[in-house]
Amino acid sequence: MATATLKSLSEVIKERHSIRKYDPDFKISRQEVEEILDEAITAPSSSNLQPWRFIVFDNENTKKELRAIANNQEQVETSSVVIAVLADKEMYHNIERVYRSAFEAGYMDEANMERLIKSANSTYPHASEEVRKNIAFFDTGLVSMQIMLLAKAKGYDTVPMGGFDKVQFRERFNVADRFEPVVLISLGKAAAPAFKTTRIPLKEIIEYK
Ligand SMILES: Cc1cc2nc3c(=O)[nH]c(=O)nc-3n(C[C@H](O)[C@H](O)[C@H](O)COP(=O)(O)O)c2cc1C
């Protein structure tokens, strides 16, 4: 059986750059999008509460509407799909479910499950909205990066976009108050290379103590 040569993580990381010109005729199936998301949600999160939700835009008319509230950015319409990553500020609703599932999978005993549920319940619901928002934003950043690297590993391209009107997004796509739209990720096949970018040298941003 022929097996595709897998790229190393380093190669994938080096090859990923923000693509803003896409082949508009290239379509990625829902199954493939779900394969990427299914792997991406292995990302770590605070107390494993997984404060993320996704809205996948693959309808041409809806993508047009989304482009209008995303600073008219072309890639919103020309990429195959746009994945909106939302942060769940009320991630504590997942506490019971997450730890029960680990218990049912045999990963912890019942006493440990009860202890972890109690501990998380004594923290997250009482934290300020700002604290919960920061946690949820951090965790959605982690899952977003996984999406982009997985896409690159499969030969696709992405660009993360914070440039969209979050108020209009919420209204148009019926996003409940509990969720914050964080980033839109265009996913598709590049039609032109990314702009070259540089990085501030490591020696300027690292220190040892
Ligand atoms: C949170 C975030 C928001 C961004 N928003 C946009 C955006 O709205 N439009 C865009 O074209 N690029 C956007 N970018 C892409 C950055 O410009 C890009 O990642 C950066 O210039 C480095 O280039 P590279 O991704 O090609 O390595 C965003 C990146 C991040 C991480």
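Anything mentioned here points back to the structure above.
Now for a quick tour of the structure.

## A short note on the overall build of the protein chain
Item 1. Regarding its fold elements, the protein chain presents eight helices and four strands.
Item 2. Starting at the N terminus and ending at the C terminus, the protein chain contains elements arranged as α-α-β-α-α-β-α-α-α-β-α-β.
Item 3. Expressed as lengths along the three principal axes of its C-alpha atoms, the size of the protein chain is roughly 55 × 45 × 45 Å.
Item 4. The long-range fraction of contacts in the protein chain, counting pairs at least 24 apart against all pairs at least 6 apart in sequence, stands at 79%.
Item 5. Here the protein chain displays about 12600 Å² of accessible surface, and carbon together with sulfur accounts for 53% of that area.

## A short note on the pattern of salt bridges
Side chains that differ in sign of charge can pair as their charged atoms come close.
Item 1. Going through the model one piece at a time under the given rule, you end up with 16 salt bridges.
Item 2. Arginine 178 is paired through a salt bridge with aspartate 88; the nearest N and O atoms lie 2.8 Å apart. Of this pair, arginine 178 sits in the loop between helix H8 (166-172) and strand E4 (179-188) while aspartate 88 is found in strand E2 (residues 81-88), placing the two residues 90 residues apart along the sequence.
Item 3. According to the relative accessible area criterion, arginine 178 is partly exposed, its value standing at 21%.

## Some thoughts on the nonpolar core
Soluble globular proteins: nonpolar side chains tend toward being buried together.
Item 1. With 33 residues, the main nonpolar core has Ile83, Ile95, Ile147 and Leu187 as its most contacted residues.
Item 2. Of all the elements in the fold, those that place two or more residues in this core are helix H2 (30-40), E2, helix H5 (95-104), helix H6 (110-121), helix H7 (129-153) and E4.
Item 3. At six residues, H7 tops the list of elements feeding residues into this core.
Item 4. Those residues in contact with isoleucine 83 that sit more than four places away from it in its chain are Val33, Leu37, Phe54, Ile55, Val56, Ile147, Val183, Leu184, Ile185 and Leu187.

## Things to note about the site of the ligand
Item 1. Close to the ligand lie 13 residues; His17, Ser18, Arg20, Gln73 and Arg199 are nearest.
Item 2. Within the backbone of proline 160, one N or O atom sits 3.0 Å away from a nitrogen atom of the ligand.
Item 3. With three residues, strand E3 (residues 157-161) is the single largest residue contributor to the shell around the ligand.
Item 4. Taken together, the residues of the shell around the ligand break down into three nonpolar, seven polar and three charged.

## Some details on the side chain of threonine 158
Item 1. Looking at the element boundaries, threonine 158 is found in strand E3.
Item 2. The contacts of threonine 158, once residues within four sequence positions are left out, are Arg16, His17, Ser18, Ile19, Tyr22, Met148, Ala151, Ile185, Ser186 and Leu187.

## A closer look at a nonpolar patch on the surface
Item 1. On the surface, Ile200, Leu202, Ile205, Ile206 and Tyr208 cluster together into a nonpolar patch covering about 610 Å² of accessible area.
Item 2. Mapped onto the secondary structure, isoleucine 206 falls in the segment after E4.

## Digging into the environment of serine 8
Item 1. Here serine 8 is to be found in the segment before helix H1 (9-15).
Item 2. The exposure class assigned to serine 8 is partly exposed, which follows from its relative accessible area of 33%.
Item 3. In the structure, serine 8 is positioned 98 residues away from glycine 106 in sequence and 32 Å away in space, judged by C-alpha atoms.

## A short note on the sheet that holds E3
Item 1. Read across the open sheet, the four strands follow the order E1-E2-E4-E3; overall the sheet is antiparallel. In the strand order of this sheet, the two ends are held by strand E1 (52-57) and E3, each with one partner. Strand-to-strand, the axes of this sheet are offset by a mean angle of 25 degrees, without reference to chain direction.

## Quick word on the packing of aromatic side chains
Item 1. Applying the stated rule across the entire model yields five aromatic pairs.
Item 2. Aromatic side chains phenylalanine 26 and tyrosine 156 sit 5.9 Å apart centroid to centroid with 55 degrees between the ring planes, which places their arrangement in the tilted category. With phenylalanine 26 in the loop between H1 and H2 and tyrosine 156 in the loop between H7 and E3, the pair connects residues that are 130 residues apart, well separated along the chain.
Item 3. Between phenylalanine 164 and phenylalanine 169, the ring centres sit 5.6 Å apart and the planes meet at 70 degrees, which makes this aromatic pair edge-to-face.

Reading the values: the criteria
Residues numbered from 1 in each chain as written. Predicted model: local features only at pLDDT ≥ 70, side-chain atom pairs only at ≥ 80, totals over all residues. Heavy atoms only, no water. Helix = DSSP H or I, 4+ residues; strand = E, 2+ residues; numbered from the N terminus. Contact = heavy atoms within 4.5 Å. Areas by Shrake-Rupley, 256 points an atom, 1.4 Å probe, with all protein chains shown as cover. Salt bridge = Lys/Arg side-chain N within 4 Å of Asp/Glu carboxyl O. Buried < 20%, exposed > 50% of the residue type's maximum accessible area, 1.4 Å probe, protein only. Core = buried A, V, L, I, M, F, W, Y, C linked by side-chain atoms within 4.5 Å. Near = heavy atom within 4 Å. Polar contact = N/O pair within 3.5 Å; in protein donor to acceptor, adjacent residues only side chain to side chain. Nonpolar A, V, L, I, M, F, W, Y, C, P; charged D, E, K, R; others polar. Patch = residues over 30% accessible without salt bridge, like charges linked within 9 Å, V, L, I, M, F, W, Y side chains within 5 Å. Pairing = 2+ DSSP bridges. Axes fitted to C-alpha atoms, helices over the stretch in contact; angles between N-to-C directions. Phe/Tyr/Trp six-rings, centres within 6.5 Å; stacked < 30°, edge-to-face > 60°.

These results come straight from atomic positions and should not be treated as a statement about function.
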